[in-house]
Amino acid sequence: AEVNRSIFTVPHSPGCDHYLGSGKVMDKCGVCGGDNATCRRISGVFKHSLTKVGYHKIVEIPEGATKINITEMVKSRNYLALRSRSGRSIINGNWAIDRPGKYEGGGTMFTYRRPNEIRSTAGESFLATGPTNEILDVYMIFQQPNPGVHYEYMLPSEKPVVPQQPSHRPEGR
Ligand SMILES: *[C@@H]1O[C@H](CO)[C@@H](O)[C@H](O)[C@H]1NC(C)=O
Ligand SMILES: *[C@@H]1O[C@H](CO)[C@@H](O)[C@H](O)[C@H]1NC(C)=O
């Protein structure tokens, strides 16, 4: 019998299901071939003007969050800080400024970046893949007008979004 060699002559790259040429890709919820229905993206910008020097809570990250990204929009003399709801400081707690690096907390690993190059205008950021196993609170140590902090994370959908069927056909016949 002839062996069909066509898949060896046409270059195919494997999909996320490992089948060559399936064309399947990860959706934004991390589901191979999914339709983005199993998660929702929460995002916003904290841009309140603060007046009192010190720690101010800017956003709460719920349990179960993934793809967490907290990024100061422009470099400033303010610092971001992170602590668990149970009261444990994870980054920049108790007026001590930590070095940029990796910090474990809430069941995940946070990467703390503080771009240091003089010419860089990029602000500080916390990134983590999650999922978190408890509520985490993000603070700003305020020292100068806040340029804005962008935050985003994904949460599992409470209920999978089921496409609405337009017709109401009765069950059975
Ligand atoms: C899922 O979301 C991503 C990013 O928002 C988008 O590029 C992709 O087309 C979406 N997939 C489907 C099936 O809607
Ligand atoms: C995090 O968010 C900032 C601001 O929206 C964006 O510039 C940056 O690319 C994001 N980083 C990642 C790893 O998604």
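With an unreviewed UniProt entry as reference, the protein chain is termed Thrombospondin type 1 domain containing 4, source organism Cyclopterus lumpus. Quoted verbatim from the Subcellular location (unreviewed entry) heading of the UniProt record, the comment on the protein chain is "Secreted".

A. Structural detail: the packing of aromatic side chains. Overall, the coordinates contain three aromatic pairs when judged by the stated rule. Ring centres of Tyr112 and Phe126 lie 5.4 Å apart, and the angle between their planes is 70 degrees; this geometry places the pair in the edge-to-face category. Here the residue Tyr112 occupies a position in strand E7 (residues 108–113), and Phe126 occupies one in strand E8 (residues 125–128), the gap between them amounting to 14 residues. Judged by its relative accessible area of 1%, Tyr112 falls in the buried class. When its relative accessible area of 0% is taken as the criterion, Phe126 is described as buried. Taken together, Tyr55, Trp95 and Tyr139 form an aromatic cluster joined through their ring pairs.

B. Structural view of a nonpolar patch on the surface. Where nonpolar side chains cluster on the molecular surface, the patch consists of Val45, Met73 and Val74 and spans about 230 Å² of accessible area. Take Val45: it is sitting in strand E1 (residues 39–46). Given a relative accessible area of 33%, Val45 falls into the partly exposed group.

Cut-offs and rules
Residues numbered from 1 in each chain as written. Chains lettered and ligands numbered in written order. Predicted model: local features only at pLDDT ≥ 70, side-chain atom pairs only at ≥ 80, totals over all residues. Heavy atoms only, no water. UniProt positions renumbered as here; feature names shortened; annotations may be inferred. Phe/Tyr/Trp six-rings, centres within 6.5 Å; stacked < 30°, edge-to-face > 60°. Helix = DSSP H or I, 4+ residues; strand = E, 2+ residues; numbered from the N terminus. Buried < 20%, exposed > 50% of the residue type's maximum accessible area, 1.4 Å probe, protein only. Patch = residues over 30% accessible without salt bridge, like charges linked within 9 Å, V, L, I, M, F, W, Y side chains within 5 Å. Areas by Shrake-Rupley, 256 points an atom, 1.4 Å probe, with all protein chains shown as cover. Salt bridge = Lys/Arg side-chain N within 4 Å of Asp/Glu carboxyl O.

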